[in-house]
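Residue-level listing of the chains:
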Amino acid sequence: MSEFWIYCALLLTVALVFVIWPLWRGMAKNNQVARDAANLEIFRDQVAEMDADLANGLLTPELYEQGKRELEARLLDEVKPEGNGGAQTRNPLKILAIVLAVLIPVASVGLYWKLGNQNVFLPQDHVSADSFGGALSEDGIKALEEKLAKNPNSPDDWVMLARTYVQKERWNEAAKAYEKLTELVPNEPQVWAEYADVIAMVHGQSLIGPPTDLLDKALALDPNNQLALSLSGSAAMERGDYPAAVRYWETLLKQLPPGSQDAQVIASGLEQARNFLTQSKGGKQQKRAAQATEQNMAAAPGKERISGTVTLGDAIKTKASPDDTVFILARAAEGPPMPLAVIRKQVKDLPMQFTLDDSMAIAPQMKLSGFDKVVVIARVSKSGDAKAQPGDLQGMSTAVKPGTTALKISIDSVVK
């Protein structure tokens, strides 16, 4: 900060030199020279007139000499040499120069303080996440919480705090921050959409129920809000409403740059929704298949679940932290990649026994009992995202049948 003010002082000094110096010295000197030149010209004219009067006999030699001496005396009195000890010509612009020398720095600093970015004077830990693309440190979070305790009606600060909580995966605190935001800015669709996303994380990553209601509010305010459309499509898929999922994602896809990564992801989801929609229109054959599935389930109790134990391999224990997220999920051995059931835990819970069943299905039409063979995956996620990322730790079973018990999975490899 000190270097910034030094640079400002240097620039102000240069500016003042160009503005003040001409007023202080140059203009007064030029005005004095102009007055002296004018007085000399008048003296010459008057002497010339007296010379003409003397030649024409209108003046006697005595009057001529007397008049000339008076003119010379008057000229010497009005035109004083520079540096003369007599009274100096007063420069009225010196007062203006003094006023500007004070006013320019004060006005410059005042305008910057009013219109400039004050965050440049804060320590880096206190700068907003949006300024540099990162989350606040713990000290920054504490400082922002204290600031909001004193001034709880600042939407910008609440947005910063809420998004930082999200990046830190502090979901309950993020939910409270977004709840406050919706009170302060109830007409902001993006706030409602982000709030829905956070509430889904609080409720086990499910968008059904309260998150869907929040998304409906966001779309009522802005039918083209991209985050709300994306999440609404996922919520529709989760509850098996494939026509709605297609509608939401088609609207979103029109807004995305063709060929972009986001467009590719939405296009893939849209294709999956359309496939499920086609399958759901199978008519009587589908109903008979559903009845047959129910009969099979009744005949083979336990087919809707898989149970076992997950452990963390000794060779990679040092690569995992106790608070890292652990996902245990089942996926069809042959079929859509969407998880059929998911459990979310932490490394400190390992080793642990687990049970995956139909009640954990993300979509009604995608259950364990609906597939002949599934693969169970246990993954330590460094990012907290269920999707595998390089550096995550993972273990998986071979293809097994629903109803399998005593399955053993060891997390013993690193995702490349």
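Provided above is the structure to which this section pertains.
A.B. asks: Is there a simple way to think about the nonpolar core in this case?
C.D. replies: Generally speaking, soluble globular proteins have nonpolar side chains that are buried together. I328, F354, L356, V376 and I411 are the most contacted members of the largest nonpolar core, which totals 78 residues. In terms of residue count, the dominant contributor to this core is helix α8 (residues 189–202) (eight residues). Residues within four places of L356 in sequence aside, it is in contact with E304, R305, I306, I328, L329, A330, A341, V342, I343, L368 and V376.

A.B. asks: Can you walk me through the packing of helix α11 (residues 242–255) against helix α12 (residues 261–279) in this structure?
C.D. replies: Relative orientation and spacing of two packed helices are given, respectively, by the angle between their axes and the distance between those axes. At a minimum axis separation of 9 Å, α11 and α12 run at an interaxial angle of 155°. Relative to α12, α11 is oriented roughly antiparallel. As for the relative orientation of α11 and α12, their crossing is left-handed in sense. Along the contact surface, α11 presents Y242, P243, A245, V246, W249, E250, L252 and L253, while α12 presents A263, I266, A267, G269, L270, A273, R274, F276 and L277.

A.B. asks: Explain the pattern of salt bridges to me, please; I cannot follow it from the model alone.
C.D. replies: Side chains carrying opposite charge are able to pair once their charged atoms draw close together. A complete count under the given rule lists 10 salt bridges for this structure. Between K147 and D157 there is a salt bridge, with the nearest N and O atoms lying 3.3 Å from each other. Taken together, the positions of K147 in helix α5 (residues 138–150) and D157 in helix α6 (residues 155–167) put the pair 10 residues apart, joining distant regions of the chain. With relative accessibility at 46%, the residue K147 sits in the partly exposed group. Residue E194 is joined to R163 by a salt bridge in which the shortest nitrogen-to-oxygen separation is 2.9 Å. Placement of the pair is E194 in helix α8 and R163 in helix α6, with a sequence separation of 31 residues. Here the salt bridges do not stand alone but share partners, grouping E138, R170 and E173 into one network.

A.B. asks: Is there a simple way to think about the sheet that holds strand β2 (residues 325–332) in this case?
C.D. replies: Sheet strands pair via backbone hydrogen bonds, and the direction of the pair is either parallel or antiparallel. Strands sit in the order β3-β2-β5-β6-β8 across an open sheet of five strands; the sheet is antiparallel. This sheet does not close on itself; its edge strands, each paired only once, are β3 (341–346) and β8 (413–414). The pairing of strand β6 (residues 393–396) with β8 spans two bridges and is classified as antiparallel. Each residue of the ladder has a partner; that of L393, found in β8, is V414.

Reading the values: the criteria
- Residues numbered from 1 in each chain as written.
- Predicted model: local features only at pLDDT ≥ 70, side-chain atom pairs only at ≥ 80, totals over all residues.
- Heavy atoms only, no water.
- Core = buried A, V, L, I, M, F, W, Y, C linked by side-chain atoms within 4.5 Å.
- Buried < 20%, exposed > 50% of the residue type's maximum accessible area, 1.4 Å probe, protein only.
- Helix = DSSP H or I, 4+ residues; strand = E, 2+ residues; numbered from the N terminus.
- Contact = heavy atoms within 4.5 Å.
- Axes fitted to C-alpha atoms, helices over the stretch in contact; angles between N-to-C directions.
- Parallel < 35°, antiparallel > 145°, perpendicular 65-115°, else oblique.
- Left-handed = near helix turned anticlockwise from the far one by under 90°.
- Salt bridge = Lys/Arg side-chain N within 4 Å of Asp/Glu carboxyl O.
- Pairing = 2+ DSSP bridges.

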